[in-house]
Amino acid sequence: DTEVTQTPKHLVMGMTNKKSLKCEQHMGHRAMYWYKQKAKKPPELMFVYSYEKLSINESVPSRFSPECPNSSLLNLHLHALQPEDSALYLCASSHSWGALRSYNEQFFGPGTRLTVL
Amino acid sequence: AQSVTQLDSQVPVFEEAPVELRCNYSSSVSVYLFWYVQYPNQGLQLLLKYLSGSTLVKGINGFEAEFNKSQTSFHLRKPSVHISDTAEYFCAVSRNAANAGGTSYGKLTFGQGTILTVHP
């Protein structure tokens, strides 16, 4: 299984809502990533988890709250978002840098298209 | 720090014609190089990667890329494109394990992307 799955595929939420994005992989990867991608732009890294611990936070506003409950799951909790947060949110996974395969080949999910009204 | 420049934001081409998408990078240390493709409303799929060894790398869907260390380039080529190759292509670099310390490891630096449009 070389797939990263993300749910939901689309999400529309108001600025006062609380919602969560979910990401799952069963490739035995111990590094997982959240990216934000605006139209016609490259993905921007938000968070990196390694061995279920937050390793990198790219100065993301606190209205985005990541969680890694186990080695296969990654969540992104959303609260009080702004319209400018509307984007495609991509999850990715890779072998961690502690592993022999250290070249960081990242496998991406299909993304969640988020619209904030 | 490293950076990636994709020299063309859009490349239109006719079906069955050859194509080259250009990528230059800047880094003070050795890097790994990647090309990803993104079809509309989808995630990124790895086309090919250069880690070490032969400078000509073959990937999926008939694509190949050549690593040129002296010119710090990693251009993507396909000898004959199909309509289905219409997509956005991203070049990316990352440090390798030997020289990435601290928080810089695990990060991909992407270029701005090149939209390839194949016309019939």
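Predicted model only: the values in this text are computed from it and were never measured.

A.B. asks: What am I meant to see in the environment of B:Q71 here?
C.D. replies: Residues and elements named next belong to chain B. Tracing the sequence through the fold places Q71 in the loop between β8 (64-68) and β9 (73-78). When its relative accessible area of 51% is taken as the criterion, Q71 is described as exposed. For the pair Q71 and H82, spaced 11 residues apart in sequence, the C-alpha to C-alpha distance is 29 Å.

A.B. asks: Quick question: what am I supposed to make of the packing of aromatic side chains here?
C.D. replies: Describing an aromatic ring pair means giving the distance of the ring centres and the angle of the ring planes. By the definition in use, this model includes 12 aromatic pairs over all chains. Between A:F108 and B:Y36 the ring centres are 5.4 Å apart and the planes differ by 80 degrees, which places this aromatic pair in the edge-to-face class. Taken together, the residues A:F108 in strand β10 (residues 107-108) and B:Y36 in strand β5 (residues 31-38) connect one chain to another. Across this residue pair, the class does not change: A:F108 and B:Y36 are buried. Here the aromatic rings of B:Y36 and B:F110 are separated by 6.1 Å at their centres, their planes lie at 55 degrees, and the arrangement is tilted. Placement of the pair is B:Y36 in strand β5 and B:F110 in strand β11 (residues 109-110), with a sequence separation of 74 residues. Comparing B:Y36 with B:F110, the two get one shared label, buried. An aromatic cluster of three or more residues is present, and its members are A:Y33, A:Y35, A:F108, B:F34, B:Y36, B:F90 and B:F110.

A.B. asks: Whenever I open this one, the sheet that holds strand β8 (residues 73-79) of chain A confuses me. Can you help?
C.D. replies: Neighbouring strands of a sheet are bound in pairs by backbone hydrogen bonds; such pairs are parallel or else antiparallel. Residue and element names in this part refer to chain A. With antiparallel pairing, the four strands of this open sheet are ordered in space as β1-β3-β8-β7. Edge positions in the sheet fall to β1 (4-7) and β7 (64-70), since each has one partner strand and no second. Taking each pair of neighbouring strands and ignoring which way they run, the sheet shows an average axis angle of 20 degrees.

Rules used throughout
- Residues numbered from 1 in each chain as written.
- Chains lettered and ligands numbered in written order.
- Predicted model: local features only at pLDDT ≥ 70, side-chain atom pairs only at ≥ 80, totals over all residues.
- Heavy atoms only, no water.
- Helix = DSSP H or I, 4+ residues; strand = E, 2+ residues; numbered from the N terminus.
- Buried < 20%, exposed > 50% of the residue type's maximum accessible area, 1.4 Å probe, protein only.
- Phe/Tyr/Trp six-rings, centres within 6.5 Å; stacked < 30°, edge-to-face > 60°.
- Pairing = 2+ DSSP bridges.
- Axes fitted to C-alpha atoms, helices over the stretch in contact; angles between N-to-C directions.

Any link to function would need more than the numbers given here.
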